[in-house]
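Structural features, examined
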Amino acid sequence: MKNILLILLLLMLTGGLELYAQNQEMAVEGSLQDSSAQPLAGATVILLQAADSVLKSFTLSDAKGDFRLPKAVPGKYILQITYVGYQDYSQPVELNSLRPALDMGTITLAQQSELLDEVLVKAAHIPIRMNNDTIEYNSAAYDTRPHAVVEDLLRKLPGVEVERDGTIRAQGERVQHVYVDGKEFFGDNPQMATQNLPADAVEKVQVYDKQSDMAEFTGIKDGQEEKTINLSLKEDKKNGHFGNGYAGYGTEDRYEGKALLNRFSRKMQLSTIGMLNNTNDPGFSLDDYINFMGGLQNMMSGGGGRVVLNSDELGLPLAAGAGNDGFMRIGAAGLNLNYDFSKRTQLSSSYFYNQIDKDISREISQQNLLGNAQFNSAENSDQDSKSSGHRLNLELEHKIDSFQSITLRSNLSYNDGQLNSRFGSETFNTEGLLENTGRRDYQSDGNTFDLKSSVNYRRRFRRKGRGLFGNFAFNFRDVDRMARLQAQNKFGLDTPKYFADSLRQSQEQFTQPVEYAVGLSYIEPIGGRKYLEFKYNRRHYSNESIKNFYDLSNGDTQEFNPVLSNHYQMTYRYDAGGLNFRLNRKKYNMTAGVALQRTFLNGQVFSEDRRIEQDFTYVLPSMAWNYNFNASRRLDFRYTTSIQEPSIEQLQPVVDNSNPLIIYQGNAELRPEYIHRVDLGLFSFDAFSSISVMTRLEGVYTQNSITTGRSIDSLFRQVLQPINVDDALRLSAYGSFSAPIKPLKSRFNLDANLIYNRSFLLINGVEDTNRRFQSSIDLSLENNNTKVLSVLGGAVLTRTRTRYAIDDRLNEVFLNQRYYLEASLNLGEKWSIESDINYTRFSNEAFGSSNRRLWIWNAALSRNFLDNRAQLSLMVRDILNQNLGIDRNSELNYLRETRVQSLARYATLRFTFALSGLGSRNGIGKAQVRRRTN
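Residues numbered from 1 in each chain as written. Predicted model: local features only at pLDDT ≥ 70, side-chain atom pairs only at ≥ 80, totals over all residues. Heavy atoms only, no water.

The next thing to look at is the overall build of the chain. When helices and strands are tallied, the chain shows eight helices and 49 strands. Across the 934 residues of the chain, 50% fall into the buried class. Sequence separation of at least 24 residues holds for 65% of the intrachain contacts in the chain that already meet a minimum separation of 6. For the chain, the accessible area works out to roughly 43,000 Å², and carbon and sulfur atoms hold 52% of it. (Helix = DSSP H or I, 4+ residues; strand = E, 2+ residues; numbered from the N terminus. Buried < 20%, exposed > 50% of the residue type's maximum accessible area, 1.4 Å probe, protein only. Contact = heavy atoms within 4.5 Å. Areas by Shrake-Rupley, 256 points an atom, 1.4 Å probe, with all protein chains shown as cover.)

Another point: the pairing of strand β17 (residues 255–264). Across 10 bridges, the pairing between strand β16 (residues 240–250) and β17 is antiparallel. The residue bridging A247 from the neighbouring strand is G257, located in β17. Connecting the antiparallel pair β16 and β17 is a turn made up of four residues, with E252 showing a positive phi of about 60°. The sheet contact formed by β17 and strand β18 (residues 268–277) spans nine bridges and is antiparallel. Residue pairing in the sheet places R263 in a bridge with L270 of β18. What sits between β17 and β18 in their antiparallel hairpin is a turn of three residues. (Pairing = 2+ DSSP bridges.)

This paragraph deals with the packing of aromatic side chains. Under the criterion given, the structure shown has 16 aromatic pairs. Ring centres of Y339 and F341 lie 5.0 Å apart, and the angle between their planes is 70°; on these two criteria the pair is classed as edge-to-face. For F341, a relative accessible area of 46% gives the class partly exposed. Look at Y819 and Y839: their rings are 6.1 Å apart centre to centre, the planes differ by 20°, and that puts the pair in the stacked class. With Y819 in strand β42 (residues 812–827) and Y839 in strand β43 (residues 831–842), this residue pair connects regions lying 20 residues apart in the sequence. (Phe/Tyr/Trp six-rings, centres within 6.5 Å; stacked < 30°, edge-to-face > 60°.)

Structurally, Y179 is set in strand β13 (residues 173–180). On a C-alpha basis, the gap between Y179 and A193 in space is 7.8 Å, while along the polypeptide they are 14 residues apart. Residue contacts for Y179: discarding those within four places in its chain leaves E184, Y208, K210, T228, I229, N230 and L231.

Once that is clear, we can look at the pattern of salt bridges. Taken as a whole, this structure holds 25 salt bridges when the rule is applied. Two residues, E235 and R266, come together in a salt bridge whose shortest N-O distance is 3.1 Å. Residue E235 is found in helix α5 (residues 235–238), and its partner R266 is found in the loop between β17 and β18; the two are separated by 31 residues along the sequence. On the basis of relative accessible area, E235 is assigned to the partly exposed category, the value being 43%. E515 is the partner of R539 in a salt bridge, and the nearest nitrogen-oxygen pair spans 2.6 Å. Taken together, the positions of R539 in strand β26 (residues 530–552) and E515 in strand β25 (residues 499–527) put the pair 24 residues apart, joining distant regions of the chain. Here R539 and E515 have matching classes, each one buried. (Salt bridge = Lys/Arg side-chain N within 4 Å of Asp/Glu carboxyl O.)

Now for a nonpolar patch on the surface. There is a patch of nonpolar side chains on the surface, built from V788, L789, L825, L827, W831, I833, L861, L872, L874, L909 and F911 and spanning about 900 Å² of accessible area. Residue assignment for the nonpolar patch shows that the elements contributing at least two residues are β42, β43, β45 (870–877) and β48 (906–917). (Patch = residues over 30% accessible without salt bridge, like charges linked within 9 Å, V, L, I, M, F, W, Y side chains within 5 Å.)

We now examine the nonpolar core. Core analysis: the largest hydrophobic core is formed by 34 residues, its most contacted members being L154, L197, V205, I229 and L231. When residues no more than four places from it in sequence are discounted, the contact partners of L197 are V149, V150, V180, F185, L231, F242, L260 and N262. L601, V605, I612 and L651 belong to the second-largest nonpolar core, a separate cluster that totals 20 residues. (Core = buried A, V, L, I, M, F, W, Y, C linked by side-chain atoms within 4.5 Å.)

Here N543 is to be found in strand β26. Residue classification places N543 among the buried positions, given a relative accessible area of 3%. Among the polar contacts listed, one links the side chain of N543 to the side chain of Y541, at a separation of 3.2 Å. Those residues in contact with N543 that sit more than four places away from it in its chain are T511, Q512, P513, Y568, Q569, M570 and I648. (Polar contact = N/O pair within 3.5 Å; in protein donor to acceptor, adjacent residues only side chain to side chain.)

Here the focus is the environment of Q355. Mapping Q355 onto the fold places it in strand β20 (residues 345–370). As a C-alpha pair, Q355 and N415 span 60 residues in sequence and 9.7 Å in three-dimensional space. Look past the residues within four positions of Q355 in its chain and what remains in contact with it is R329, I330, G331, S387 and S388. Here the side chain of Q355 touches Y353 through a polar contact of 3.0 Å, side chain to side chain.

Okay, the confidence of the model for the chain next. Segments scoring low in pLDDT should not have their predicted coordinates read at a detailed level. Model confidence for the chain is summarised by a mean pLDDT of 80, while 83% of its residues fall at 70 or above. The low-confidence segment residues 10–24 (pLDDT under 50) makes 19 contacts with residues lying over four places distant or belonging to another chain. Low pLDDT, under 50, characterises residues 917–934; the predicted model gives this stretch 41 contacts beyond four residues in sequence or across chains. (pLDDT = per-residue confidence, 0-100.)

Right, let's get into unusual backbone geometry. Within the chain, D181 stands out as a residue other than glycine whose phi angle is a positive 50°. Along the chain, the position of D181 falls in the loop between β13 and α3 (190–194). D181 sits in the partly exposed class, given a relative accessible area of 24%. The backbone of D727 shows a phi angle near 65°, a positive value even though the residue is not glycine. Topologically, D727 is positioned in the loop between β37 (718–725) and β38 (728–741).

Secondary-structure assignment places D450 in strand β23 (residues 434–460). Look at D450 and you get buried, because its relative accessible area is 6%. Placed 59 residues apart in sequence, D450 and R391 show a C-alpha to C-alpha distance of 9.2 Å. If we ignore the near neighbours within four places in the chain, the residues touching D450 are N411, L412, S413, F476 and R477. Of the polar contacts made by the side chain of D450, one reaches the side chain of R477; its length is 2.7 Å.

Dropping the structure here:
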């Protein structure tokens, strides 16, 4: 890890030295005016390399119209100048070492005043414009293949990166929002727009730092910024219809289909999307599916001994394109509508429906800590699940007048799911002898209704900076679940202590959490760009849970089990008042504050006639400070404190025997966690060289951290219970460096991550300290800015080391390696070839088995026709037929390897079609470019 950090430091220094050296080079300078000799301030002036149109330097003209472009070296360039309302100016220039600066003299820009006949403009496109803190990319300057989506376009933009999982980074920071013409697209999920909208519909890509709602409304920065992309559509797309879709069928009875259709006008954005496949392509992001499934994750699984239904058991894909997690059949449809009733009133809405059927077979090998010794366990399970969900989102914003606005939001969802699970386990003692076995059949059927709504009111006053903000939120959820459990366990095999037990149960669970929250905030300017903010928040959360367990005897005769059944009610309430001080300066802004929070936790166990009453008072300090060295280099510091209350499952003092070998029992005496978080980040992006550097340090210290205590008896049966421990600590360091290698027309990327976790575990009353170190590095080289060949290759190395305080013989180290290569080749305008290969190697130190190696190779051959509006592709997935889902992780007192049977080799023939409408009769047309001139 020291070597990794040293490499990262050297790369950062190299980038800094390069930037320093560039500052010492030659310059181009001049002055701008209009036809009446008036200076033009704020014009965008850029210098492009003549050979490849790569941006070399840019600037804005000052108040006198003067400009100076530094960081130039001898060579041939194109000087381009743009200014709103004036014709673009373009002039070839050549620099040599005989003069330190090239003076262009006074340049007069001509106004755009007359509309000429329609002409097709083939002149060079200006790739980048700077507008204050916004970087604007002209999509026409970046070639994409036919049927490319926005994600493909973003990969070509300097300073923008798209990771393998679809995550977008701009200037080193993760993009949190992607808007389409300033509006949400199918909710606030970036990948919905980038992975579905066609690239040829976008005219401009605008990258900027979005301020918080409060800061945007008052104009007073509060240090809360999120990297945001806005996709500005072409004029014909803003008032027409366009879309794309594909359908395919292949071997092993594999099928796939997906379609997106958009109808936009000046007042309306209407989009529909639908998909159907059995190729494990979820189509949407994880966030969408979490929302699809609503609250079903709070239901009982019967697999892990806790009242949690995890995403695997619902058939929920955990990542986009997750082809190694069982076998899924997926269907989904959605509708997105944005409508402007007037300049003051706008509606944003969307509806989703999805259905997932999932079959998964899983094998688990696990090493467990027991005092100063180890024991091993093996599990296997087969699960069949079905789930469906409806989700409706509505947002209505109304500007009452120039000083007031109100926003109404509502989210409504209904979900249901069924699960059939067959589970088997074996436990081996410290000497490797079989100690117990278990078999379990579990069926579950449940549904969830979820309502979330809020009202936000904002008002500013005539005095700049003064503002009043209020919000009210109400959430309601109703969860019903029915389940049946049948289990048989054997203990002391091949010994005189042998015995067996069996269990047949029927289970019911009803949960109704209700929550409301009120918040008020008032900001008062106190002069000198300083402000005071007074805040008050109240939150009230109540949850009633009823669990009825019935033992089944002969036939289906039910007998109520009062020991396992429970009727529980919990109320959590807090009131918090605080004061913040804000200081705004040109280069930096700072917010420091403190809040006093009074927390009440009340519960009642009706089945035991027992009450639980706790109250706590917390002081919650906070501070945020950021310094902007320039438009593309920033330092951020943030310190926050927060309270995390226990969940109702953790508080219920009742036994859950869904897995008789691993029994879970809540703890009514749990205290809330008190969390301190410190975050320090440096972001730097140089638009001249396209070098980006990002470093981030984070520390999280948790008082009264909630962890799980374990009791393991002589038959290796486990009882789990949540407990509070002190001083849990997590430290992480992240570094990213990206720079072009111009001779190769490629880009080098390095990402390094270091995580340290210190936690505590309690096993049979003995406390142990667990320290886990994880370091990873991702090195890649990519060349995707050519029309002919695009290549991406790299390696990811992850090393995990676990240390225990009691006995160092239990310490573990394992290394996972992954090497990848992706390439696409365009054979003229019609044919293209794509291929990617991944090689993964898992070390054998931890499990004592042979190294596991996986080769996953995919390839596709495509042919474009019908003026590139249609495409036919032959695709083969997992050519070597080796796909197997493998995951290794280390947590607290165990080390686990999970193996999942996964979708292997198959081939499909896919037909893709793009539709664009410009008002022509058949819906297909060709855009014309108009230009104004004198």
